[in-house]
Amino acid sequence: MTDVIRPDALPDLLRDELLATVSAATRLPTALLAARRLAGGASMESWSIDLRVGDVTEGLVLRRDMGANMSVYALDRATEFCVLQTACAAGVRAPQPRYLSAPGASRAWFLMERLAGESVGRKVVRAPDLAAARDKLARQLGEALAVIHRVPIASVVAAIPRPMDGRDPAEEALHQVRAVVASLNLHNPVWTYALRWLAARLPAWDDAVVLVHGDFRIGNLLVDRDGLSGVLDWEFAHLGDRHEDLAWVTVRDWRFEQDARVVGGVGSLEDYLAGYADAGGRPVDRAALVWWELLGNLRWAVICHTQADRHLSGADRSVELLSLGRKAAEMEWEIIDRIDMLEKEAR
Amino acid sequence: MSDPRDAFEQHPSALDLIDAAREHLATRVLPTIADPRLRFETLVATHVLGVASRELSRGPEMTAEIDRGRASLPGAPASDGALCGLIEAGRYDEADAGAALRRWLQARTELSLFAWNPLFLMRVKG
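None of the values given here were measured: they were computed from a predicted structure.

Caption draft 1: Molecular detail of the domain arrangement of chain A. All names here are of chain A. Taken domain by domain, chain A comprises domain 1 (7-113) and domain 2 (121-346). The gap between the C-alpha centroids of domain 1 and domain 2 is 26 Å. On the side of domain 2, 28 residues touch domain 1, which itself brings 19 residues to the contact. When grouped by side-chain class, the residues that make up the side of domain 1 that touches domain 2 number 14 nonpolar, three polar and two charged.

Caption draft 2: Broad picture of the interface of chain B and chain A. At the junction of the two partners, chain B supplies 30 residues and chain A supplies 24 residues. For the side of chain B that touches chain A, the secondary-structure elements that each account for two or more residues are helix H2 (36-71), helix H3 (80-88), helix H4 (95-116) and helix H5 (118-125) of chain B. The element contributing the most residues to the side of chain B that touches chain A is H4 of chain B, with 12 residues. A breakdown of the residues in the side of chain B that touches chain A according to their chemical character gives 16 nonpolar, seven polar and seven charged.

Caption draft 3: Region of interest: the nonpolar core. Core analysis: the largest hydrophobic core is formed by 104 residues, its most contacted members being Val-83, Leu-141, Ala-194, Ile-218, Ala-237, Leu-298 and Ile-335 of chain A. Discounting residues that sit within four places of it in the chain, Ala-194 of chain A has contacts with Leu-294, Leu-298 and Ile-335 of chain A.

Caption draft 4: Broad picture of the environment of Arg-286 of chain A. In this fold, Arg-286 of chain A is placed in helix H9 (residues 286-312). Exposure remark for Arg-286 of chain A: the 10 C-beta atoms within 10 Å place this residue in the exposed category.

Caption draft 5: Quick peek at helix H8 (residues 269-278) of chain A. Residue and element names in this part refer to chain A. Every buried residue of H8 is accounted for by Asp-271, Tyr-272, Leu-273, Gly-275 and Tyr-276. The inward-facing, buried residues of H8 abut helix H4 (131-148) and helix H7 (242-248). Positive backbone phi, approximately 95 degrees, marks Gly-280, located one or two places after H8.

Caption draft 6: Representation of the sheet that holds strand S1 (residues 30-38) of chain A in the model. All names here are of chain A. Strand order in the open sheet formed by five strands is S1-S2-S3-S5-S4, and the pairing between neighbours is antiparallel. In this open sheet, the two edge strands, each paired with only one partner strand, are S1 and strand S4 (97-100). Between one strand axis and the next, the sheet turns by 30 degrees as a mean value, whatever way the strands run. Relative to strand S2 (residues 44-53), S1 runs antiparallel, the two sharing eight bridges. The residue bridging Ala-35 from the neighbouring strand is Ile-49, located in S2.

Caption draft 7: Structural context of the pairing of strand S3 (residues 56-65) of chain A. Residue and element names in this part refer to chain A. Direction of pairing for S2 relative to S3: antiparallel, over a ladder of 10 bridges. Paired with Asp-50 across the two strands is Gly-59, which belongs to S3. Hairpin connection from S2 to S3: two residues lie between these consecutive antiparallel strands, with Gly-54 at a positive phi of about 60 degrees. Two elements, S3 and strand S5 (residues 109-113), share five bridges in a ladder whose sense is antiparallel.

Caption draft 8: Spatial organisation of the confidence of the model for chain A. Mean pLDDT over chain A: 93, with 96% of residues reaching 70 or higher. When the criterion is pLDDT under 50, residues 1-5 of chain A qualifies, and its contacts beyond four places in sequence or with other chains add up to six contacts.

Caption draft 9: Structural context of the confidence of the model for chain B. Per-residue pLDDT for chain B averages 92, and the proportion of residues at 70 or more is 95%. For this predicted complex, the interface confidence score (ipTM) comes to 0.93, while the overall pTM stands at 0.94.

Caption draft 10: Main features of the pairing of strand S8 (residues 227-231) of chain A. All names here are of chain A. With four of five residues buried, S8 is to be regarded as a mostly interior element. Both strand S7 (residues 221-224) and S8 contribute to a ladder of four bridges, which runs antiparallel. Each bridged residue has a counterpart across the sheet, and for Leu-221 the counterpart in S8 is Val-231. What sits between the antiparallel neighbours S7 and S8 is a turn of two residues.

Caption draft 11: Seen up close, unusual backbone geometry. All names here are of chain A. Even without glycine at this site, Arg-27 takes up a positive phi of about 55 degrees. Positionally, Arg-27 belongs in the loop between helix H1 (12-26) and S1. Of note in the backbone geometry, Asp-207 takes a positive phi value of approximately 70 degrees without being a glycine. Turning to its location among the elements, Asp-207 is positioned in the loop between helix H6 (189-199) and strand S6 (210-212).

Caption draft 12: Highlighting the packing of H6 of chain A against H4 of chain B. Close contact between H6 of chain A and H4 of chain B brings their axes to 11 Å; oriented N to C, the two are set at 140 degrees. One way to sum up the angle between H6 of chain A and H4 of chain B is to call them oblique. Here H6 of chain A runs over H4 of chain B; the crossing is left-handed. Contacts between H6 of chain A and H4 of chain B involve Pro-189, Val-190 and Tyr-193 of chain A on the former and, on the latter, Leu-101, Leu-105 and Thr-109 of chain B.

Caption draft 13: Fine view of helix H5 (residues 169-184) of chain A. Residues and elements named next belong to chain A. The terminal C-alpha atoms of H5, which comprises 16 residues, lie 23 Å apart, in line with the 22 Å expected from a rise of 1.5 Å per residue. Those residues of H5 lying buried are Pro-169, Ala-170, Glu-172, Ala-173, Val-177 and Val-181. Along its buried surface, H5 packs onto H6, strand S9 (238-240), H7 and H9. At the C-terminal side of H5, Asn-185 shows a positive phi close to 55 degrees.

Conventions used here
Residues numbered from 1 in each chain as written. Chains lettered and ligands numbered in written order. Predicted model: local features only at pLDDT ≥ 70, side-chain atom pairs only at ≥ 80, totals over all residues. Domains from an automatic or database assignment. Contact = placed C-beta atoms within 7 Å. Nonpolar A, V, L, I, M, F, W, Y, C, P; charged D, E, K, R; others polar. Helix = DSSP H or I, 4+ residues; strand = E, 2+ residues; numbered from the N terminus. Core = buried A, V, L, I, M, F, W, Y, C linked by C-beta atoms within 7 Å. Buried ≥ 20, exposed ≤ 12 C-beta atoms within 10 Å, placed from the backbone. Pairing = 2+ DSSP bridges. Axes fitted to C-alpha atoms, helices over the stretch in contact; angles between N-to-C directions. pLDDT = per-residue confidence, 0-100. Parallel < 35°, antiparallel > 145°, perpendicular 65-115°, else oblique. Left-handed = near helix turned anticlockwise from the far one by under 90°. Expected span 1.5 Å × (residues − 1).

Now the structure itself:
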């Protein structure tokens, strides 16, 4: 994050909002030293921002709505800010949220601490200088999830999504995928088959409701030479089953082509689950983990089509979004392959 | 396959046009782009032209193969919509019917992947 920076690259309106909010919060003179748009994020715009606040220089990251959401289940920025505060206070390694836009902002945003590290997935799984970090990363990811799943939920419970009354988290997740499939209005036999197969095999649930990060995977995790340096992107946080979080990073696409390393392309399931258990995580049901991994593949395949629709509908013209519709075949192949293996084992 | 010398108005072919545009992006445009975001988007644009090219090169053959395979499944569904209806009605819940369906879904997905990302299949199938 050390590229050449042009402060004037930030839109004037956003710059004015930002300076007004920070100086109102701190009662100190505030100046913009540098701003640089960060890559990535199909639903969120992010900037690296350096501010002079009084006599102190603050290195920050700005997260701002782009107007179109990935999902109706995504949190707004004010709620994400609150969840992040709660998580940090509970000891989760995550960027401290610092300033939240005023209610009248053009598009909601917040500023958080800028942590060092790499988040780009293909670099995290391959960069030579992160080799030592990768050796311990799977274990650290397990440990981090154990901490997240112990975050006291009382202060966020009213603001974030939770399963509807009478549904357990697995039923809720299936319900949500079905709703998206219905909205896409496509006849996809892989989705129909997977939904039926999963519905017939709902995992047992022990009623333990935890804070689920909701997008805990390589790409949303900051890694430096010592390993995990921060858990980012809390917009899909909700209340639910720990297995949902535990399984997501094992979905093949988040291995960034390092297929043999089942956990995010960096490590083994054994190290990961040992980290979770050693950090006080509740017992893990392996069958539930597989169920949630399959659900994760299905959900990601379906989301890819909703992204393609953003282009096709004209809402967000983007060849990248459009191409995701074809990428869904990778997850669909995985779903059928995994179900086939499970069925053969069961015979 | 038709005889390419018979072409009148469609020469060069759609495939020729797509391949030329892809080659132009890959060899002339991409090397000049410094902005990482624009570079990534242009890489994606180049990739999707390759997808379209691979699909067009096998399109009619692939569609025929998919249709034949679907029609030979238990219940002989004539369309994806009909197949989804049969799945929802439990027609493939029984082990052998389920295995037949999965074989076809796998083959079909592999045809899509041939266009989208042939390397994916090489990687995951070893």
